[in-house]
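# Analysis of the macromolecular model
This is what each chain is made of:
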Amino acid sequence: MAQPDARSDILAPAPWVEERGAKIRITAVSTFLTAPHGCPHLVVRVETNEPGLYGLGCASDPQRTLAVRSVLDDYLAPMLIGRDPDDIDDIHRLLLNSAYWRGGSVTGNALGGIDVALWDLKAKRLGAPLYSLFGGRVRTHADAYTHVSGADADEIADKVVAARERGYRHVRVQASVPGSDTYGTAATAATAATAATDAHALRTRSVPWDSAAYVRTVPRVLTAVRKRVGDEVELLHDAHERLDPRQARDFLRRVEDAGLYFVEDLLAPEDARHFAALRAASPVPLAVGELFHDVGQFLPLLEGPDIDFARIRVPTLGGLTPARKLAAYCELRGVRLAPHGPADVSPVAQAATLAMNISSHAFGVQEAAVFKPAVLDVFPGTVVAHDGALSPHETPGHGVDFDEAAARRHPVPEPLEHDRWALLRNTDGSVQRP
């Protein structure tokens, strides 16, 4: 925790602060680690000299949690003490430049935690819901999508129908590939048969990924699911960057009859230049961006545009300040937002993202995590989907609080426990993008 130090001077002070006679100042910046859902959440609290006035942000990076916390505690937090929290854009730029070598997910998440906390603080100070600071509402709610998976079309279709009955109009569907590690699906009997000890294989990530089997199998299952559930529900699918450009073209050709709302992350960020050719060759809508850590990575894809949906992850991009600028450009280019929102994005970040969604004409659909009950204890005010949609709080700020006592009951796992999630090999033993 960074605390005031009367002996220290503010680095690069904003010259207008004293001129306008601002009295409010940042007095402390605290970070907290907790894992009520199992994955680590890193929460940032920015406190002020006005009693009871603070803001909460999310800096959750489940693969590099401790590195992000160090950037916050050791570098960014000390630079905030004594500043006027009202100047969010100025503070964001100053902290971004302070590292000299700018960018990267670790810096992005650290900045994102502070940035969202400052927006929350400002809205609380003004006594307004956060979305009202962004121009107010342009919609009553944000449509959300949930996840289902299964071993075959019948099982998946039954789950889609069940999700539809709960009010979801958008459902992400993932299909298992026998004998292969397949993103977004539970272990199957076929997978278990591949390894002598399935639990050990899953823990050590020794079940391989088979891209050829995926391209053969999954489009057939998705098309069959579409036939079973009809046209009154939007189906989505996540390839999770596991295909190369040739395989991606083949996959899109095979999946055209499934009538998908979008296919997510067909390619890794390193292959993003191929999206223009994919979009020209296929009518299947494309979504990408959850792995991007800088808004600049989106810009070449928005020029064409070469994608249909931007998968914005607000914490990793550096918070609402850059994310809202990107959302405005998406609106101008006719690209819709489909923000990233799994359970490793905390309820604080989800509420902040919702404020952007509810105030942006570019919004398309929001990924909605289904949090464990313990999360609701740690984060009072967590937004929960009702009838397949998310609605913002009308209370000042983003509306989500943080219970330290409850958080301490859920310690975070050791660093490599979650890192293993991103480790993967192909059938030939080579390393595969996750």
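## Comments concerning the overall build of the protein
In terms of regular secondary structure, the protein is built from 16 helices and twelve strands. Whereas a compact globule of 434 residues would reach a radius of gyration of roughly 22 Å, the protein reaches 22 Å, a difference of no more than 12%. Across its three principal axes, the protein shows a C-alpha extent of roughly 65 × 45 × 40 Å. Within the protein, buried positions represent 56% of all 434 residues. Counted over contacts in the protein with a minimum sequence separation of 6, partners at least 24 positions apart contribute 72%. Summed over all atoms, the accessible surface of the protein reaches about 18,200 Å², with 52% contributed by carbon and sulfur. If you average the places of the 46 positive and of the 56 negative side-chain charges in the protein, the two averages end up 1 Å apart.

## Quick word on empty space enclosed by the protein
Summed over the entire model, instances satisfying the criterion amount to two cavities of 30 Å³ or more. Looking at the largest cavity, its volume works out to about 60 Å³. By residue class, the composition of the lining of the largest cavity is seven nonpolar, three polar and no charged. Of the pockets and cavities examined, the second largest cavity occupies roughly 30 Å³. Taken together, E241, D265, L267, P269, V288, G289, E290, L291 and F292 make up the lining of the second largest cavity. A per-class count over the lining of the second largest cavity returns five nonpolar, one polar and three charged.

## Structural notes on the pattern of salt bridges
Summed over all chains, the structure comprises 27 salt bridges. Among the salt bridges present, the one from D89 reaches K325, with a minimum N-O distance of 3.2 Å. One end of the pair, D89, is in helix α3 (residues 88-98); the other, K325, is in helix α12 (residues 320-333), with 236 residues separating them in the sequence. Given a relative accessible area of 38%, D89 falls into the partly exposed group. Among the salt bridges present, the one from R228 reaches D154, with a minimum N-O distance of 2.6 Å.

About the criteria used
- Residues numbered from 1 in each chain as written.
- Predicted model: local features only at pLDDT ≥ 70, side-chain atom pairs only at ≥ 80, totals over all residues.
- Heavy atoms only, no water.
- Helix = DSSP H or I, 4+ residues; strand = E, 2+ residues; numbered from the N terminus.
- Rg over C-alpha atoms; globule rule 2.2 N^0.38 Å.
- Buried < 20%, exposed > 50% of the residue type's maximum accessible area, 1.4 Å probe, protein only.
- Contact = heavy atoms within 4.5 Å.
- Areas by Shrake-Rupley, 256 points an atom, 1.4 Å probe, with all protein chains shown as cover.
- Lys, Arg positive; Asp, Glu negative; His and termini not counted.
- Charge placed at Lys NZ, Arg CZ, Asp CG, Glu CD.
- 1 Å grid on protein atoms, 1.4 Å probe; cavity = no way out; pocket = protein on both sides within 12 Å on 5 of 7 lines; lining within 4 Å.
- Points joined across faces, edges and corners; volume = space filled by probe spheres on them.
- Nonpolar A, V, L, I, M, F, W, Y, C, P; charged D, E, K, R; others polar.
- Salt bridge = Lys/Arg side-chain N within 4 Å of Asp/Glu carboxyl O.

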